[in-house]
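# Observations on chain architecture
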There are 2 protein chains.
Amino acid sequence: MKLNSFIKVDKESHFPIQNIPFGIFRNKFNPLPRACTAIGEFVVDLALLERKGFFKRILLKEKDIFSEPSLNKFMSLGRKACGDVRNEIQSLFGTERSEIRDNLVLQSECIFHKNEIEMCMPVTIGDYTDFYSSKQHATNVGIMFRGKENALMPNWVHLPVAYHGRSSSVVLSGTNIIRPKGQTKSDDKENPEFGPSKLLDIELEMGMFVGKGNELGHPVSVDEAPEHVFGMVLVNDWSARDIQKWEYVPLGPFLGKNFATSISPWIVTLDALEPFKTSRVKQVPEPLEYLKSNGDWLYDIDLEVKIRTAQSEDSFIIAKSNFKNLYWDICQQIAHHTVNGCNLRTGDLLASGTISGDEKESFGSLLELTWRGTEPLKLPNGEVRKFLQDGDEITITGWCDGDGYKVGFGEVKGKILPPL
Amino acid sequence: MKLNSFIKVDKESHFPIQNIPFGIFRNKFNPLPRACTAIGEFVVDLALLERKGFFKRILLKEKDIFSEPSLNKFMSLGRKACGDVRNEIQSLFGTERSEIRDNLVLQSECIFHKNEIEMCMPVTIGDYTDFYSSKQHATNVGIMFRGKENALMPNWVHLPVAYHGRSSSVVLSGTNIIRPKGQTKSDDKENPEFGPSKLLDIELEMGMFVGKGNELGHPVSVDEAPEHVFGMVLVNDWSARDIQKWEYVPLGPFLGKNFATSISPWIVTLDALEPFKTSRVKQVPEPLEYLKSNGDWLYDIDLEVKIRTAQSEDSFIIAKSNFKNLYWDICQQIAHHTVNGCNLRTGDLLASGTISGDEKESFGSLLELTWRGTEPLKLPNGEVRKFLQDGDEITITGWCDGDGYKVGFGEVKGKILPPL
């Protein structure tokens, strides 16, 4: 039977009752950040519902877990408990149950229109890891930097390559991005120069948040991996290509990346994504035993990147991709990350790397879309872009198409401000 | 006049009253982790002294800051306030003041022998950054991996190269290190294999902890940098060379490093290190303007690495180096790290990278000491080492030589356990 809520939800909404994402919000009535979910255009105060006793059978041992300023404590309970809470929310806001449906006073206390609240960082992030799991992206970048013959490094098809990013500069959607300054070196100059990045770029990614962690020295197997994932968000991993190019040998990206990484405010659970699982591409060569995952742990999530320039009121789509374009799935990523005993902690963010597909329109960065600036994008209003200019606003959105409904992620957006 | 404490301190001790490092401890009388300092063989409970009102003039706005389970809140107060507290401790435990000297009951409550307490992680670490600031180390590694002609990458002399490490696996001295498993590939085989690392190594490093942080988008200049450093510790950045070699192209080290990084428990403040400042090597080419530091921000800290094998009761010194062997100083590291707007937060750990000197005996890793295993170390008991074997215990120690006293860091140690 199709799930329905007593809250009216447009069929284009990212947040029908089938979704029930988690976030942190505050509002003018209560400035303290606390947990919420979204249904259609409305945000539901879970802290209030918990205090009123709605989750007491599930959250027996917990007290005011939704009144915390981050979701970490809730996420640490593990997938079963979080799933039970999500089921209870779906039931409470369905058409059958009356406790909230028929209580207008309670509704006025716990349901707010999205325009009347402010979303906050949902998670206190410990470590942020960035994978490099789209074969097309790794190939594109490889061709540009090393030529077609050596495009993919030999290790790439054997393991999900990754590096550690910076967690301090992970920011919430809507945060302006100040154009970074740094050292760059032109090929035709002998010495490096200092100044604002001229090759500021986006990276279309998705990220998963770790729910239950693992102890140092105790790897998580591919089969156990889903138990450690709380849910997913959209990620824009802003990149300064000129800074990156000069600094990254031999230890990898640093200042070219760590000035900002934006995430969307709503975490969509793996349970909500379950109906949208899709098969992974056949991996040749076959991965080593510890990377052989049972089942397919990728999802059919449509992704779209839009730009709005300072001169334009309209946004223009510049890329359309899909999460299923990844070669390495989320279970393989977790199994690899922990196989040496590395510990993941509740709240750690593991991003996918840029998600590019086969077609040029599906490339997830301006570096690829404009082929290093050699094929500038022509926007419908006549403007041209190689890389980002000050005033450009980038919005990434993503959703799964269900039968008459969507399960979506909302959006992650950020606008480029001139350097200080 | 020479500072002295009413607590008797051996002249070889790392912790005379001139030092006053900060740490976190607990004991059988009170299992809650709380702040302490060290004087000679004794540990002083700062939480108790604070509750008794000893720091109330300095820590006016704070309450029970030393009863926190980490030093973060204290460190966030900035160098002036932390320095004032340190001065007050020196004064309280000097020979002139009577409040503690003449109060045996209070002494029994707040002073414990080091054998009767347990040290804990001193800091909640946000991000962990690892620099690569020893020219000799970078050159050695470069020669081994790329040949003499291309040993140093062109960027190395222009900027302090660094990458992000993993903060979740930073562990306290004394924590056993489980030999990591992972993918490695022999040059003579077509495909990678999975198994325990065969080339497990140490890295002799030091790390600084950030005190006051900076806001995202607001760089810290070289001149402001010292205000953001709380103090320093010894670091052993364990490395699995075979895992690292196969995985690190093109995004840098990941699983080869993130299984464990050990730190010493005592944080020695920059104020305590001030008398041991030493001049930096002349930097040619001259660095860009934002990296020109006023004064010399390196310290004359003797460093020593010892090994004790499963077969031996004795430890053997395998390397002697010095912190002053670094090319890039701590202010240049911070200025570079933040020049793109990257924010440092209180408790972030910035490590130096392996500290190697010019002579072979001063190389800070087995990779260099045994020249990739081609020149095995002969230990005095007849054993031979290329890389670490199960049961090997590594101890790093470091100290500054003052006039009749030392300012030291204690030690960071760890023993290799077989893979699980």
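The structure contained in this document is the topic of the report that follows. What you see is a predicted model; the values in this text were computed from it and never measured.

Each value, and the rule that gives it
Residue indices begin from 1 for each chain and proceed along its sequence in written order. Here the convention is simple: chains get letters from A, ligands get numbers from 1, in the order in which they are written. The predicted origin of the model limits local features to residues at a pLDDT of at least 70 and limits the giving and counting of side-chain atom pairs to 80 or more, whereas totals for whole chains, interfaces and linings rest on all residues. To obtain the side-chain values, all non-hydrogen atoms of the structure were included, while hydrogens and water were left out. For two strands to count as paired, DSSP must find a minimum of two bridges between them. Secondary structure follows DSSP: runs of H or I at least 4 residues long count as helices, runs of E at least 2 residues long count as strands, and numbering of each begins at the N terminus. Fitted lines through C-alpha atoms serve as axes, helices being fitted only where they are in contact, and the angles separating the N-to-C directions of these axes extend from 0 to 180 degrees. Throughout this description, the term salt bridge denotes a Lys or Arg side-chain nitrogen within 4 Å of a carboxyl oxygen of Asp or Glu. Buried residues are those whose accessible area, probed at 1.4 Å on protein chains only, stays under 20% of the maximum for their type, while exposed residues exceed 50% and partly exposed ones sit between those limits. Each copy is superposed on the other by least squares, with the fit set by C-alpha atoms of residues at a pLDDT of at least 70 in both. Here, two residues are considered to be in contact whenever any of their heavy atoms come within 4.5 Å of each other. Buried area: the accessible area, evaluated with a 1.4 Å probe, that two parts lose upon being put together, summed over both parts. Throughout this description, a polar contact denotes any pair of N or O atoms lying within 3.5 Å of each other; where both atoms belong to protein, one of them has to be capable of donating a hydrogen while the other can accept it, and for residues adjacent in sequence the pair is counted only when both atoms sit in side chains. For this classification, Asp, Glu, Lys and Arg are treated as charged, while Ala, Val, Leu, Ile, Met, Phe, Trp, Tyr, Cys and Pro are nonpolar and the rest, including Gly, are polar. Here a helix's expected span is defined as the number of its residues, less one, multiplied by 1.5 Å. Each pair of aromatic rings taken from Phe, Tyr and Trp, with Trp reduced to its six-membered ring, is defined by centres within 6.5 Å and is described as stacked if the planes are under 30 degrees apart, edge-to-face if over 60, and tilted in the remaining cases. A ring is scored as having a charge over it whenever the NZ atom of a lysine or the CZ atom of an arginine sits within 6 Å of its centre and within 35 degrees of its normal.

### Focus: the sheet that holds strand 3 (residues 42–45) of chain B
Residue and element names in this part refer to chain B. Taken together, the five strands give an open sheet; going across it, the order is 4-3-2-1-5, and neighbouring strands pair in antiparallel fashion. Whereas interior strands pair on both sides, the edge strands pair on one side only; in this sheet they are strand 4 (111–113) and strand 5 (117–120). Mean inter-strand twist for the sheet, computed between neighbouring axes without regard to direction, equals 45 degrees. Note: strand 2 (residues 30–39) against strand 3, four bridges, orientation antiparallel.

### Here we look at the pattern of salt bridges
All names here are of chain A. If you walk through the whole model with that rule in mind, you get 69 salt bridges over all chains. Ionic pairing is found between Arg179 and Asp390, a salt bridge with its closest N-O pair at 2.7 Å. Linking Arg179 in the loop between strand 9 (177–178) and strand 10 (181–184) with Asp390 in the loop between strand 24 (384–385) and strand 25 (393–401), this pair joins segments that are 211 residues apart in sequence. Here Asp390 falls in the partly exposed class, since its relative accessible area comes to 34%.

### As for the relation of the copies chain A and chain B
Each copy superposes on the other: chain A lies on chain B with an RMSD of 0.0 Å after a rotation of 180 degrees and an axial shift of 0.0 Å. The transformation relating the two chain copies, once decomposed into turn and shift, fits a two-fold axis. For chain A, the minimum C-alpha distance to the rotation axis belongs to Gly252 of chain A and amounts to 2.1 Å. When the interface residues of chain A are mapped onto chain B, 100% of them again fall at the interface, so both copies present the same face.

### Considerations on the interface of chain A and chain B
The partner chain B presents 56 residues to the 56 residues of chain A that form the contact. It is Arg166, Leu251 and Phe254 of chain A that lose the most area in chain A upon contact with chain B, and together they represent 15% of the buried surface on that side. Linking chain A with chain B are four salt bridges. With a shortest N-O distance of 3.6 Å, Asp127 of chain B and Arg166 of chain A are connected by a salt bridge. Inspection of the region where chain A meets chain B yields 31 residue pairs in polar contact (both at pLDDT 80 or more). Elements with a contribution of two residues or more to the side of chain A that touches chain B: strand 7 (162–164), strand 10, strand 11 (193–196), helix 6 (241–247) and helix 8 (330–338) of chain A. With three residues, strand 7 of chain A is the largest single contributor of residues to the side of chain A that touches chain B. A class-by-class count of the residues in the side of chain A that touches chain B yields 29 nonpolar, 19 polar and eight charged.

### So, helix 3 (residues 79–92) of chain A
All names here are of chain A. Its 14 residues give helix 3 an end-to-end C-alpha distance of 20 Å, which sits within 8% of 20 Å, the value for a rise of 1.5 Å per residue. Within helix 3, 10 of the 14 residues are buried, which leaves it mostly tucked inside the rest of the structure. All buried positions along helix 3 are accounted for by Arg79, Ala81, Cys82, Gly83, Val85, Arg86, Glu88, Ile89, Gln90 and Leu92. Residues of helix 3 that are buried make contact with strand 2 (30–39), helix 1 (46–51), helix 2 (72–75), strand 14 (229–236), strand 17 (268–269) and helix 7 (270–273).

### Some remarks on the packing of aromatic side chains
Under the defined criterion, the tally for this structure stands at 32 aromatic pairs over all chains. Their ring planes at 75 degrees and their centres at 5.2 Å tell us that Tyr327 of chain B and Trp328 of chain B sit as a pair that is edge-to-face. Pair check on accessibility: Tyr327 of chain B and Trp328 of chain B agree, each one buried. Ring pairing ties together the aromatic residues Phe22, Phe55, Phe66, Phe74 and Phe230 of chain A, which thus form one cluster. It is Lys277 of chain A that lies over the ring of Trp297 of chain A; its NZ or CZ is 3.5 Å from the centre.

### Some thoughts on the environment of Gly391 of chain B
Within the fold, Gly391 of chain B resides in the loop between strand 24 (384–385) and strand 25 (393–401). Setting aside its immediate chain neighbours within four residues, Gly391 of chain B contacts Arg308, Thr309, Ala310, Lys415 and Ile416 of chain B.

### Topic: the sheet that holds strand 25 of chain A
Residues and elements named next belong to chain A. One open sheet accounts for five strands, arranged 9-26-25-20-21; its pairing is mixed. The open sheet has two edge strands, strand 9 and strand 21 (316–322), and neither has a second partner. With six bridges joining them, strand 20 (residues 302–308) and strand 21 adopt antiparallel strand pairing. Note on strand 21: the bridge partner recorded for Leu303 is Ser321.

These values are about where atoms sit, not about what they do.
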